[in-house]
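# Report on the structure
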Amino acid sequence: MHDTATKPPLTIRLCQPRGFCAGVDRAIQIVVLALKKYGAPVYVRHEIVHNRYVVEGLQNLGAVFIEELNEIPDEHHDAPVVFSAHGVPKSVPADAQARNLFYLDATCPLVSKVHKQAMRHRRHGRHVLLIGHAGHPEVIGTMGQLDEGGVTLIETEADVQNFQPADPEALGFVTQTTLSVEDTAGILRALQERFPALQAPAAESICYATTNRQEAVKETAPGADLYLVVGAPNSSNSRRLVEVAERAGAKMSLLVQRASEIPWSGVGDIATLGLSAGASAPEIIVDEIINAFRERFDVTVELAVTATETEDFPVMRALRDVELTPADMAFVNGTR
Ligand code: SF4
């Protein structure tokens, strides 16, 4: 470790907005409230949000993470089960009902909106093109709102060229909420060129949090010697931020889950660091990373404010009578 006097100077361009979005905040709140109201265990189908720190924090409070409903043991049949923020195929609540389980759906309201838009296309007799990444739980959930054969996943511009519709006049699209704004625009242009009758959803599918976080990274990346995005490898929106930083002119851009993952030997002589966090990454890890840099550099933090977010999604009525302590609130907000 250096003395303050000998530490090299470093400017950290810190994005705002960054980190938790309203959908993630609500989903974590639902699990915490359910634990307080019904007691442990509370089962959670899939990682409630894609972040290990959050998942482990909830496990410590008594949440049990499962991938499928049949993992709930018979003796815990009465315990609530929460569906993750990414949304679930229709078959999942149907299965929960058939098993007589009590479920709480933490699907982000903006994902539910995309589900509704996709179903609306189908009601109007359109085949749905879902722009998104294969295997992501949100994509599985959105495809699972529709009849098999009523939806095609489009991941790339090559997929656009290979797609052969039964009726090119009856097509509608929706997208995953966490895509790259730029890549999606390219895919959409290709789709609209090939299928001029393609119908858009009534509302934009890429959500405000994705758009705002990408915009903030774009503003702060040019000329940054290194860009760090706090987030998990399975977090779609976080991975997109790493790509945006690189494209916008950061010399190197990396995804890190914790300060311990910063590859110090590769960091070298840097004067400017860009820093953001994906929508599922808690603020406490951003602090941890800034502190790790303070150990090695004489740090000046420059806050780059590119948007103000006021979105707040209320939890379901069944949980509104439960009070959260300041410590619970800090965990929900990502500061503990
Ligand atoms: S990233 Fe967007 S869609 Fe996903 S949980 Fe957050 S607000 Fe909802």
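All of the points below concern the structure found in this document. (Residues numbered from 1 in each chain as written. Predicted model: local features only at pLDDT ≥ 70, side-chain atom pairs only at ≥ 80, totals over all residues. Heavy atoms only, no water.)

Looking only at helices and strands, the protein has twelve helices and twelve strands in total. A compact globule built from 336 residues would reach a C-alpha radius of gyration of about 20 Å, and the protein, at 21 Å, matches this within 12%. By principal-axis analysis of the C-alpha atoms, the protein measures approximately 70 × 55 × 30 Å. Sorting the 336 residues of the protein into buried and exposed places 54% on the buried side. (Helix = DSSP H or I, 4+ residues; strand = E, 2+ residues; numbered from the N terminus. Rg over C-alpha atoms; globule rule 2.2 N^0.38 Å. Buried < 20%, exposed > 50% of the residue type's maximum accessible area, 1.4 Å probe, protein only.)

Here we come to the side chain of Ser180. Of note, Ser180 is situated in the loop between strand 8 (171-175) and helix 7 (181-194). Residues contacting Ser180, with those up to four places away along its chain left out, are Ile206, Gln214, Arg240 and Arg247. (Contact = heavy atoms within 4.5 Å.)

As a volume, the largest pocket reaches approximately 390 Å³. Forming the boundary of the largest pocket are 23 residues, of which Arg18, Gly19, Phe20, Arg213 and Glu309 lie nearest the centre. For the lining of the largest pocket, the elements supplying multiple residues, two or more each, are helix 1 (22-38) and helix 8 (208-220). Residue classes in the lining of the largest pocket are distributed as nine nonpolar, six polar and eight charged. (1 Å grid on protein atoms, 1.4 Å probe; cavity = no way out; pocket = protein on both sides within 12 Å on 5 of 7 lines; lining within 4 Å. Points joined across faces, edges and corners; volume = space filled by probe spheres on them. Nonpolar A, V, L, I, M, F, W, Y, C, P; charged D, E, K, R; others polar.)

Tracing the backbone shows His136 in the loop between strand 6 (127-131) and helix 5 (137-143). Other than its neighbours up to four places away in sequence, His136 contacts His50, His86, Gln176, Asn234 and Ser236.

Core analysis: the largest hydrophobic core is formed by 40 residues, its most contacted members being Ile28, Ile30, Val31, Ile48, Val49, Leu58 and Val82. By residue number, the principal contributor to this core is helix 1, which donates ten residues. Among the nonpolar cores identified, the runner-up in size contains 23 residues, and Ala277, Ala281, Ile285 and Val299 belong to it. (Core = buried A, V, L, I, M, F, W, Y, C linked by side-chain atoms within 4.5 Å.)

Right, let's get into the pairing of strand 7 (residues 151-154). Both strand 6 and strand 7 contribute to a ladder of four bridges, which runs parallel. Opposite Leu130, over in strand 7, you have Leu153 as the bridge partner. Crossover connection from strand 6 via helix 5 to parallel strand 7: handedness right-handed. (Pairing = 2+ DSSP bridges. Right-handed = clockwise from strand over helix to strand, strands pointing away.)

Residues Asp328, Ala330, Phe331 and Val332 constitute the buried set of helix 12 (residues 326-333). Check the buried side of helix 12 and you find it contacts helix 1 and helix 2 (52-61). Backbone geometry just after helix 12 places Gly334 at a positive phi near 85 degrees.

Around the ligand, the surrounding shell consists of Cys21, Gly23, Val24, Cys108, Leu110, Val111, Thr177, Thr178, Cys207 and Tyr208. More than half of the atoms belonging to the ligand lie within 2 Å of the grid points that define the largest cavity. Among the secondary structure elements, those contributing two or more residues to the shell around the ligand are helix 1 and helix 4 (109-123). Here the residues of the shell around the ligand are counted per class, giving seven nonpolar, three polar and no charged. (Near = heavy atom within 4 Å. Sits in = over half its atoms within 2 Å of the grid points.)

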